[in-house]
Amino acid sequence: VKLALSTWKEVEAYLARSKGIVVPLGSTEQHGPNGLIGTDALCATAVAEGLAERAGALVAPGIAVGAAQFNLGFAGTISARATTLIALIEDYVHSLARHGFERIYFMNGHGGNVAPAKAAFQDLYSEYSLGRAQGRVRLRIRNWWDLPNVDRLRRELFGDAEGMHATPSEVAITQALFPGAVGEAPREPARKLTPEFLRDHAGDNHYDAATHRHEFPDGRVGSHPMLANAQLGARLLESAIADAVADYKSFLEEK
Ligand code: NI
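Residues numbered from 1 in each chain as written. Predicted model: local features only at pLDDT ≥ 70, side-chain atom pairs only at ≥ 80, totals over all residues. Heavy atoms only, no water.

Enquirer: Where do I start with the overall build of the protein chain in this structure?
Expert: Along the backbone of the protein chain there are 9 helices and 4 strands. Secondary structure elements of the protein chain occur, N-terminal to C-terminal, as α-β-α-β-α-β-α-β-α-α-α-α-α. Radius of gyration (C-alpha) of the protein chain: 18 Å, near the 18 Å computed for a compact globule of 255 residues. Among the 255 residues that make up the protein chain, the fraction classed as buried is 51%. A separation threshold of at least 6 residues defines the contact pool for the protein chain, and within that pool the share at least 24 residues apart is 82%. (Helix = DSSP H or I, 4+ residues; strand = E, 2+ residues; numbered from the N terminus. Rg over C-alpha atoms; globule rule 2.2 N^0.38 Å. Buried < 20%, exposed > 50% of the residue type's maximum accessible area, 1.4 Å probe, protein only. Contact = heavy atoms within 4.5 Å.)

Enquirer: What's the story with the pattern of salt bridges in this structure? I'm lost.
Expert: Taken as a whole and judged by the stated rule, the model has 13 salt bridges. For Glu254, the salt bridge goes to Arg140, with nearest N and O atoms at 3.1 Å. Placement of the pair is Glu254 in the segment after helix 9 (230-253) and Arg140 in strand 4 (residues 138-143), with a sequence separation of 114 residues. Arg220 is paired through a salt bridge with Asp218; the nearest N and O atoms lie 2.9 Å apart. By relative accessible area, Asp218 is classed as partly exposed at 29%. Each of Arg138, Arg140, Arg142, Asp247 and Glu254 takes part in one network of salt bridges that share partners. (Salt bridge = Lys/Arg side-chain N within 4 Å of Asp/Glu carboxyl O.)

Enquirer: How should I be thinking about the packing of aromatic side chains in this particular structure?
Expert: The geometry of an aromatic ring pair comes down to the distance between the two centres and the angle between the two planes. Under the defined criterion, the tally for this structure stands at 6 aromatic pairs. Consider the rings of Phe197 and Phe216, whose centres lie 5.3 Å apart with planes at 70 degrees: the pair is edge-to-face. Placement of Phe197 in helix 7 (residues 195-201) and of Phe216 in the loop between helix 8 (209-215) and helix 9 is noted, with a sequence separation of 19 residues between them. Its relative accessible area of 11% is what places Phe197 among the buried residues. Look at Phe216 and you get buried, because its relative accessible area is 4%. Taken together, Tyr105, Tyr248 and Phe251 form an aromatic cluster joined through their ring pairs. (Phe/Tyr/Trp six-rings, centres within 6.5 Å; stacked < 30°, edge-to-face > 60°.)

Enquirer: What should I look at first to understand the packing of helix 2 (residues 39-55) against helix 6 (residues 168-177) in this one?
Expert: Helix packing geometry: the angle between the two helix axes and the distance between the axes. Where helix 2 contacts helix 6, the two axes come as close as 10 Å, and the packing angle between them is 70 degrees. With respect to each other, helix 2 and helix 6 are oriented roughly perpendicular. Seen along the crossing, helix 2 lies across helix 6 with a hand that is left-handed. Two secondary-structure elements touch here, helix 2 through Thr39, Asp40, Leu42, Cys43 and Ala46 and helix 6 through Glu170, Ile173, Thr174 and Leu177. Across the contact of helix 2 with helix 6, the residue classes tally to 5 nonpolar, 2 polar and 2 charged. (Axes fitted to C-alpha atoms, helices over the stretch in contact; angles between N-to-C directions. Parallel < 35°, antiparallel > 145°, perpendicular 65-115°, else oblique. Left-handed = near helix turned anticlockwise from the far one by under 90°. Nonpolar A, V, L, I, M, F, W, Y, C, P; charged D, E, K, R; others polar.)

Enquirer: In this structure, what is going on with the coordination of the nickel ion? I would like to understand it.
Expert: Octahedral metals with six donors have ideal donor angles of 90 or 180 degrees. Tetrahedral metals with four donors have an ideal donor angle of 109.5 degrees. With distances of 1.8 to 2.1 Å, the protein atoms coordinating the nickel ion are His31 (NE2), Asp40 (OD) and Glu170 (OE). The sequence motif formed by the donor residues of the nickel ion is H-x8-D-x129-E. Take His31: its relative accessible area is 1%, and that puts it in the buried class. (Donors = N, O, S within 2.8 Å, 3.2 Å for Na, K, Ca; no water.)

Enquirer: Whenever I open this one, the pairing of strand 3 (residues 103-108) confuses me. Can you help?
Expert: Successive side chains on a regular strand alternate, one facing one side of the sheet and the next facing the other. Here strand 3 lies mainly inside the structure; 6 of its 6 residues are buried. Neither face of strand 3 is open: one carries Arg103, Tyr105 and Met107, the other Ile104, Phe106 and Asn108, and all of them are buried. Across 6 bridges, strand 1 (residues 20-25) lies against strand 3 in parallel orientation. The residue bridging Leu25 from the neighbouring strand is Asn108, located in strand 3. Here 6 bridges tie strand 3 to strand 4, and the two strands are oriented parallel to one another. In the strand pairing of strand 4, Asn108 is matched with Asn143. In this view, the connection linking strand 3 to its parallel neighbour strand 4 by way of helix 4 (residues 114-129) has right-handed handedness. (Pairing = 2+ DSSP bridges. Right-handed = clockwise from strand over helix to strand, strands pointing away.)

Enquirer: Help me out: how do you make sense of the packing of helix 5 (residues 148-158) against helix 9 in this one?
Expert: At their nearest, the axes of helix 5 and helix 9 sit 7 Å apart, and the two run at 155 degrees to each other. By the angle between their directions, the pair helix 5 and helix 9 is classed as roughly antiparallel. Across the interface between the two elements, Pro148, Asn149, Val150, Leu153, Arg154, Leu157 and Phe158 from helix 5 touch Leu232, Arg235, Leu236, Ser239, Ala240 and Asp243 from helix 9. A breakdown of the residues in the contact of helix 5 with helix 9 according to their chemical character gives 8 nonpolar, 2 polar and 3 charged.

Following this line, the structure appears as structure tokens:
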């Protein structure tokens, strides 16, 4: 059920049976030579909506712009400052908590959002810890690609060619969602990432946009999106949704 397509009376009735809500969290940034700018928001929304439908949960309007300053060297990217994203997540949580929502589940599609989201969570909890607010809110952020079965599947399908950004798995999901929207990918694999690069830049902790474009001129970061196709995308999406339903249910049941 979508919050945007509900009335306030329906939301009140929903709250009488569930205190949980799902929020898609994405990014609007380049995804390599053939990937869609909206990839991260589109994937997060598809997983979140699939989860909400199967779990009978409410899904809030997604946050489609994330912390992606390192991609501003590529046309079309829109980035929120980490502080903006932190403030927006806090405003979502305060608003939802005001109505009685207690378990707020962020389904994330962009690695660069994780650090700001976790910082926002700690600041929100500190308001309870310091006695400035009363509340029982619990928050979880989950990257769809880290869920156990979809993580196994993408490694099986793509191995090292999954890379770090403009991955074949996220490109495949957009191919399944929007047939015909994704064009041809380059035939040559992207430059392999070194263990040092992976260590220093995990979680999309990249340097500035000019450095990033210089290092990854076509926007791929260690990935080979040519391996993507719509059939694999449908399998990955199904796996992510099934995993997300289980993860969301465990979050609701957590003591
Ligand atoms: Ni992405």
